[in-house]
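Here are the chains, one letter per residue:
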Amino acid sequence: MMKDLYDIATDTINPIKLKKNGEAGHVACALETVSGAVYTGICIDVPCSIGMCAEQAAIAEMLKNGETKIKKIVAVYEDGSILPPCGRCRELISQLDIENENAIVAIDNGREVTLKDLLPERWDKKWD
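Residues numbered from 1 in each chain as written. Predicted model: local features only at pLDDT ≥ 70, side-chain atom pairs only at ≥ 80, totals over all residues. Heavy atoms only, no water.

Lay out the pairing of strand 5 (residues 104–108) in plain terms, naming residues and giving numbers.
Judged by how many residues are buried, strand 5 sits mostly within the fold: four of five residues are covered. In this structure, strand 4 (residues 70–77) lies alongside strand 5, joined through two bridges in parallel fashion. What sits directly across from Lys72, in strand 5, is Ile104. Remark: the strand 4/helix 3 (residues 87–96)/strand 5 crossover connection has right-handed handedness. With four bridges joining them, strand 5 and strand 6 (residues 111–114) adopt antiparallel strand pairing. What sits directly across from Val105, in strand 6, is Val113. (Buried < 20%, exposed > 50% of the residue type's maximum accessible area, 1.4 Å probe, protein only. Helix = DSSP H or I, 4+ residues; strand = E, 2+ residues; numbered from the N terminus. Pairing = 2+ DSSP bridges. Right-handed = clockwise from strand over helix to strand, strands pointing away.)

So what's going on with the nonpolar core? Residues and values would help.
Ranked by internal contacts, the top residues of the largest apolar core, which has 20 residues, are Leu31, Ile70 and Ile73. Of all the secondary structure elements, the ones that give two or more residues to this core are strand 2 (23–33), strand 3 (38–45), helix 2 (54–64), strand 4, strand 5 and helix 4 (115–118). The dominant element in this core, judged by the number of residues it contributes, is helix 2, at four residues. Beyond its immediate chain neighbours, meaning those up to four positions away, Leu31 contacts Leu5, Ala37, Val38, Tyr39, Ala58, Ile59, Met62, Ile70, Lys72 and Ile73. (Core = buried A, V, L, I, M, F, W, Y, C linked by side-chain atoms within 4.5 Å. Contact = heavy atoms within 4.5 Å.)

Dropping the structure here:
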């Protein structure tokens, strides 16, 4: 199910060195919205900890285009391995739209789960 998105993310990887031990582009994300649009992003890692994950960059592109509902999402490291989203990214995805709890998330090669599986006990359910 994720093969096309995996390939898009892999093609988006473009590692570059930044000053002072920073780097960018060694992780890339591709996400597909419920409308079928695909958005990509790369990570930015700098020593002062104010970088961003590839998922966040792809989400920013999605939001810039007026969409909030993710159908499926994958992040890929420069060696080709799939990285599950960190806790911050999981939370961000969940905060964008209630329907994102059904988004399909690649967590490693061949395994996919819903965001709801990754965040089973929502702290904000009261306000949904």
